[in-house]
Amino acid sequence: MASTLSEWTAQTVTILTCDGRLVTGTLLGYDQLQNLILGKSYERVYSTDGAVERVELGLSVIRGDNVAVVSDTDGHVEGGEEIRTEPIKPIVQNVT
C-alpha cells in the first residue's frame, strides 16, 4: 500500500472510511499505519431527502484504522448532485 500512496502524494484522492464517510482531498502525507493527511478536503454527504451535500473540511487527518478504501479520483469528483440514496437493508436479520 505504501508504494501506491507514494505515487498518489499531491494528487486528489477519495477515502471511504469504515463508518461510511466519503472524504475527498489532496493527499499531503501518510505514515506506516496508513494515517492520512488530506489538504483542501471535503465530505460528500448523501441523503434520501435532498441533493448531495458538500461539507468543506480543509486540512484533515484520517486515522489509518478508520480507512477502508483509498482511491485516486482522476479529477472526476464533481457532479452527481442529483443522486439520492436508499437506506441499506440490515445484513443480519433477527431469526426467532
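Heads up: these notes are all about the structure in this document. All values reported here derive from a predicted model rather than from experimental measurement.

1. Structural notes on the pattern of salt bridges
By the definition in use, this model includes four salt bridges. Two residues, Arg21 and Asp19, come together in a salt bridge whose shortest N-O distance is 3.2 Å. In this structure, Arg21 engages Glu43 in a salt bridge whose closest nitrogen and oxygen atoms are separated by 3.3 Å. Taken together, the positions of Arg21 in the loop between strand E1 (12-17) and strand E2 (22-30) and Glu43 in strand E3 (residues 36-45) put the pair 22 residues apart, joining distant regions of the chain. On the basis of relative accessibility, which here comes to 42%, the residue Arg21 falls in the partly exposed class. Classification of Glu43 by relative accessible area gives buried; the value is 12%.

Reading guide: rules and limits
Residues numbered from 1 in each chain as written. Predicted model: local features only at pLDDT ≥ 70, side-chain atom pairs only at ≥ 80, totals over all residues. Heavy atoms only, no water. Salt bridge = Lys/Arg side-chain N within 4 Å of Asp/Glu carboxyl O. Helix = DSSP H or I, 4+ residues; strand = E, 2+ residues; numbered from the N terminus. Buried < 20%, exposed > 50% of the residue type's maximum accessible area, 1.4 Å probe, protein only.

These values are about where atoms sit, not about what they do.
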